[in-house]
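Take a look at the letters that make up each chain.
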Amino acid sequence: MSIPRKLWRIHGGLHLPGHKAESMQQPITDAPVPPELILPLQQHIGNVATPIVNVGDRVLKNQIIARAEGYVSVPIHASSSGTVIAIEPRVIPHPSHLTDTCIVIATDGKDEATPVAAVLSDYRQMDPAELRNRIRDAGIVGLGGAGFPAFIKLNPGPQLKIHTLILNGAECEPYITCDAMLMQEQPRAILDGLRIMQHALHAQRCIIGIEDNKPAALQALQAALHTDEHTLIEIVAVPTLYPAGGEKQLIKTLTGLEVPSHQLPASVGVICHNVATAYSIAQAISHQQPLIERIVTVAGPAIPKACNYRVRLGTPMKYLIEHTGASPSLPARLIMGGPMMGFAINDLQTPVIKTTNCLLALTSQELPKTQFELPCIRCGECARACPAQLLPQQLFWHAHAKDFDKIQDFNLFDCIECGCCSYVCPSHIPLVQYYRFAKTEIWAKEREKSKSDIARQRHEFHLQRLERKKREDEERKRKKKEMLDKVTQTDSAADAKKAAIAAALQRAQAKKATQASPQNVEHLSEQQRQQIDEIDKRRANPSTVASQPGKDNES
Amino acid sequence: MSTFISSPHTLFTNNVTRIMLLVVAALIPGIAAHIYFFGIGIVINSIICIVTALLCEAGMLKLRDRPLWPFLTDGSAIVTALLIAIGLPSLFPMWLAIIATAFAIIIAKHLYGGLGNNPFNPAMVGYVLLLIAFPKDMTLWLAPHAAGPAVDFVSTLQFNILGQLPVIAHFDAITMATPLDTVKTELGTGLTVSQIVTNHPHLADAMFGKGWDIINLLFLLGGIGLLYKRVITWRIPVSMLITIAIFASIAYASNNTLHASPLFHLLGGATMLGAFFIATDPVTASTTPRGQLIYGCGIGIFTYLIRNYGSYPDGVAFAVLLMNLAAPTIDYYTRPRVFGHHPGTSS
């Protein structure tokens, strides 16, 4: 036994009624394969998988039917054997209730699997890259919540050293018990998965954090621990306090480390995975079993007999709920996930996907009667409950005023949407809804901005091109003109010559005219006349010189 | 809002009406003591104020085109009315109580946007209106039960509603200044504290002022109840009371002939009512943890300063309004550290 670990307190949080016992009366039960499986191509954050089967194809259980596209993506496998009857938009489990492309398989009841390839199954002899490839190829995503591809979280990059690997078994939301039951029933497989991840990450220590309201799970894991694992793996009971299972909250509780805002746990040397993800990784590596099923808690007051089921991915919720013996009609509210963070489903044909941890069916008695919301009285209950230490009342004020700059000043994006604030609000303000609204508005604005940035860039390029074209045109015109100018210049030079000659002649004639009739010459002597003639001759000489081109200009 | 359903999908665990009714319930012990010492007047005043408050609230909601029922039943108008009524002398003209309450609800509350949006505590705005505009009526407190003849229900009713003086002798014979008022006035004439006590034997009870100490203790009890029920948090009342205690102790220690004891300040006037019921009004107070400490401290400082150096015997109402003014700024500069910002390094 290890020494009890020092635990750190998180701010706020709520002590919620657990409602866990109801669904833990029976062991995990296999839900039958439904006649129709609906497998959405997008089941998690990242790129949509690309279908590699066609309508009419026969597929086998475990067969890849859609391949990963890009880095943040994993393939999708057929959960049972049958025929692809459609690749078409169907309702997917998403808060928007929208449809998206799904591969629909009509099962044949044979549940015939692809042959298991005889490959190395000892993880200790595999390098991390190979392990990650196998985990990706098995289609494994985080089974705790957001469903981020698991292999990426096993690849923090060479610059980040991971000292602690945390397995999240807190399962803090009311009603949900799928992780608790898995830990009780499959503790060794979970530990195997943990060892595989530890091997891939070279983590120095592993901690499994479990809320102290699950003594059976704690005990089972402790008992399954091999003697040589005690120094490596610590199994820690954390206080039951919603949202103790939030990734950053659990890391803080167990290690005292606060993951900086807008950063991943790896930045503080920690990686956190869900216990169910560890189980699936063990299945993938040791048994070449891809992710085609998961444990789903079906609970809530509208379910007569709450239980955990091992459900094939793609099973329509209606089929699963009917299987529990509940009324096949939609309950007052059907929630995928827990009451605090789950979202409402309003079409029973919605399939179970990789991230479906719980189907919670509530009757109208568990829901507020009226939706009337009073003004905020600034009581501060929300701030006391907020695990992110935000000021929800201020966020609300700015969200209400649509002051999206100010709301980011108050760190809106550190909100984890846990719902604690809404839960305690005496004015019954749907605070989380306001924050989601603000976030989506800001995202939309940013998208708009980046769109308009691109448009502006394009426009600027366009203007530049026009400008360049104009410049080039002008250049060309100028050159052409220059050429033309050269030609006309030579012409005009000749004209100028002629004109100059003509002008000179004119002047010469004018001079001659003035000289033609000299005054008072009648009474001159012969000698005088000769002298005058000589002078006239001399005078005539420069005029002939002046009539020469070039010199004329100077006169 | 109705088509899109957002998490959490749970019943509400708290509501405004519950908070307001708990506040009313917590006021009851103090009011009971008030009745014992100063007669039934407080009940009459309370009824007048509550009726006025609800009528004004309804009228304003109608004018502002807001739904009547959820706001009339939220209990906030009743709390405002009660806080005004508790501060009034038992023998008090009805029309003044009506003016104060109407002013509080119509001007201080609804013209600023109604519940949740008023920057100033409406009850204190109404109360300060009376303090400033009708100071004489506000000082005519009945002599406490043990120190003078009681005025019966009918006489009180006659005075409060019809303005008829009680048949018992002269008005001055049955009224007297409050201990805070007495001490302040007499200190102003140059007497020492011990001389004042000699002149006013009813103050001799450990210098707390007969009746007022008990009333304060019972409001303290109610306040502890609110803390226990988590309707209020400890920060504002504790920081306000400690501040008053520190200031009074320093003054008392420096010269106990010119300054009343810290206990006199803590259990005199509206100290406890102010600390647990008025300063903690969530709408107008600071909401951040550090901000609440500063806010309470500020009210303590102003209360003490006004009591000792201002023109009014008590300063709680003014102190609260002054700090209401500062609350948004305090909140802005005392925002708590958000998770993941400047992370701690412990491991």
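Rules used throughout
Residues numbered from 1 in each chain as written. Chains lettered and ligands numbered in written order. Predicted model: local features only at pLDDT ≥ 70, side-chain atom pairs only at ≥ 80, totals over all residues. Heavy atoms only, no water. Helix = DSSP H or I, 4+ residues; strand = E, 2+ residues; numbered from the N terminus. Buried < 20%, exposed > 50% of the residue type's maximum accessible area, 1.4 Å probe, protein only. Contact = heavy atoms within 4.5 Å. Areas by Shrake-Rupley, 256 points an atom, 1.4 Å probe, with all protein chains shown as cover. Domains from an automatic or database assignment. Buried area = accessible area lost by both parts, 1.4 Å probe. Salt bridge = Lys/Arg side-chain N within 4 Å of Asp/Glu carboxyl O. Polar contact = N/O pair within 3.5 Å; in protein donor to acceptor, adjacent residues only side chain to side chain. Nonpolar A, V, L, I, M, F, W, Y, C, P; charged D, E, K, R; others polar. Axes fitted to C-alpha atoms, helices over the stretch in contact; angles between N-to-C directions. Parallel < 35°, antiparallel > 145°, perpendicular 65-115°, else oblique. Left-handed = near helix turned anticlockwise from the far one by under 90°. Lys, Arg positive; Asp, Glu negative; His and termini not counted. pLDDT = per-residue confidence, 0-100. Pairing = 2+ DSSP bridges. Expected span 1.5 Å × (residues − 1). Bend = angle between axes of the 7 residues up to and from the residue.

1. Thoughts on the overall build of chain B
In terms of regular secondary structure, chain B is built from 17 helices and two strands. In chain B, which comprises 347 residues, the share counted as buried stands at 54%. Pairs at least 24 residues apart make up 77% of the contacts formed inside chain B by residues separated by at least 6 positions. Per element, the accessible surface of chain B, about 14,400 Å² overall, is 70% carbon and sulfur.

2. Comments concerning the domain arrangement of chain B
All names here are of chain B. If you check the domain split of chain B, you get domain 1 (14–176) and domain 2 (178–209 + 231–331). Its C-alpha centre places domain 1 at a distance of 22 Å from the equivalent point of domain 2. Carbon and sulfur atoms make up 81% of the area that domain 1 and domain 2 hide from each other, which totals about 1,800 Å². Viewed at the interface, domain 2 and domain 1 are joined by zero salt bridges. Here domain 1 is connected to domain 2 by two residue pairs in polar contact (both at pLDDT 80 or more). Residue assignment for the side of domain 1 that touches domain 2 shows that the elements contributing at least two residues are α1 (16–38), α4 (76–86) and α6 (122–133). Per-element accounting of the side of domain 1 that touches domain 2 gives the leading share, six residues, to α6. Looking at the side of domain 1 that touches domain 2 residue by residue, the class counts come to 18 nonpolar, five polar and no charged.

3. Some details on the environment of Asp 30 of chain A
Residue and element names in this part refer to chain A. Of note, Asp 30 is situated in strand β1 (residues 29–30). Sequence-wise, Asp 30 and Arg 310 are 280 residues apart; in three dimensions their C-alpha atoms are separated by 4.7 Å. With sequence-adjacent residues up to four places away left out, Asp 30 is seen in contact with Arg 310 and His 323. Looking at Asp 30, its side chain comes within polar contact range of the side chain of Arg 310, at 3.1 Å.

4. Comments concerning the environment of Leu 143 of chain A
All names here are of chain A. Here Leu 143 is to be found in the loop between α1 (128–137) and β9 (164–169). Given a relative accessible area of 4%, Leu 143 falls into the buried group. For the pair Leu 143 and Arg 9, spaced 134 residues apart in sequence, the C-alpha to C-alpha distance is 26 Å.

5. Re the packing of α6 of chain B against helix α17 (residues 316–333) of chain B
Residue and element names in this part refer to chain B. Contact geometry of α6 with α17 gives a least axis separation of 9 Å together with a crossing angle of 130°. Taken together, the axes of α6 and α17 are oblique relative to one another. As α6 packs across α17, the resulting crossing turns out to be left-handed. Residue-level contacts link Met 124, Val 125, Tyr 127, Val 128, Leu 131 and Ile 132 of α6 to Ala 317, Phe 318, Val 320 and Leu 321 of α17. Here the contact of α6 with α17 is built from residues that sort into 10 nonpolar, no polar and no charged.

6. Focus: the environment of Phe 302 of chain B
Residues and elements named next belong to chain B. Note on placement: Phe 302 falls in helix α16 (residues 289–309). As for Phe 302 and Ile 244, which are separated by 58 residues in sequence, their C-alpha atoms are 9.1 Å apart. Those residues in contact with Phe 302 that sit more than four places away from it in its chain are Ala 319, Leu 322 and Met 323.

7. Describing the side chain of Arg 132 of chain A
Residue and element names in this part refer to chain A. Mapped onto the elements of the fold, Arg 132 is located in helix α1. The side chain of Arg 132 sits in the buried core without any salt bridge; Asp 127 is the nearest counter-charge, 6.5 Å away. Beyond its immediate chain neighbours, meaning those up to four positions away, Arg 132 contacts Phe 151, Leu 154, Asn 155 and Ala 200.

8. Considerations on the confidence of the model for chain A
The share of residues in chain A with pLDDT of 70 or more is 94%, and the mean pLDDT across the chain is 87. Counting contacts from residues 546–555 of chain A, a segment whose pLDDT is below 50, to residues more than four positions away or on other chains yields seven contacts.

9. Examining the sheet that holds strand β10 (residues 205–211) of chain A
Residues and elements named next belong to chain A. Taking strand neighbours across the sheet as the criterion, the four strands line up as β11-β10-β9-β12 in an open arrangement whose pairing is parallel. At either end of the open sheet lies a strand with only one pairing partner, and these are β11 (233–238) and β12 (270–274). Neighbour-to-neighbour, the strand axes of this sheet turn through a mean angle of 25°, independent of strand direction. Inspection of the sheet shows β9 paired to β12 by five bridges, in the parallel sense. Within β12, the position partnered with Asn 168 by the bridge is Asn 274. In this fold helix α6 (residues 275–287) packs onto β9, β10 and β12, with an angle of close to 80° to the strand it touches most, β12.

10. With respect to α1 of chain B
One turn of the α-helix equals 3.6 residues, which is why residues spaced by three or four share an orientation. All names here are of chain B. Helix length check: α1, at 23 residues, gives a terminal C-alpha distance of 32 Å against a target of 33 Å (1.5 Å per residue), a fit within 8%. Along α1, the sharpest kink reaches roughly 35°, centred on Ile 28 and followed within four residues by the proline Pro 29. Two to three positions downstream of the cap, the backbone nitrogen of Thr 17 sits 3.2 Å from a side-chain oxygen, assigning the N-cap of α1 to Asn 15. Downstream of α1 by a residue or two, Gly 39 has a phi angle that is positive, lying close to 85°.

11. Overview of the interface of chain A and chain B
Size of an interface, as often reported, equals the accessible area lost when the parts are brought together. Chain A puts 63 residues into the contact, and the matching count from chain B is 41 residues. At the boundary of chain A with chain B, total buried surface from both sides reaches about 4,700 Å², with 59% on carbon and sulfur atoms. Considering only the surface of chain A that becomes buried against chain B, Glu 258, Ile 377 and Arg 378 of chain A emerge as the three largest contributors, covering 15% of it. Connecting chain A to chain B are three salt bridges. With a closest N to O distance of 3.9 Å, Glu 381 of chain A and Arg 230 of chain B form a salt bridge. In this structure, the connection of chain A to chain B is made through 20 residue pairs in polar contact (both at pLDDT 80 or more). Among the elements of the structure, α5 (247–255), β15 (333–336), β16 (343–345), α8 (381–385), α9 (392–400), α10 (404–409), α11 (420–424) and α12 (431–516) of chain A are those that each provide at least two residues to the side of chain A that touches chain B.

12. Focus: the sheet that holds β16 of chain A
Residues and elements named next belong to chain A. Read from one edge of the open sheet, six strands run β1-β14-β13-β17-β15-β16, paired in mixed fashion. Both edges of this open sheet fall to β1 and β16, since each of them pairs with a single strand only. Summarising the sheet, strand β13 (residues 293–299) and strand β14 (residues 307–312) pair through six bridges and their orientation is antiparallel. Within β14, the residue paired with Val 296 across the bridge is Tyr 309. Contacting β13 and β14, helix α2 (residues 178–185) runs over the sheet at an angle of about 125° to β13.

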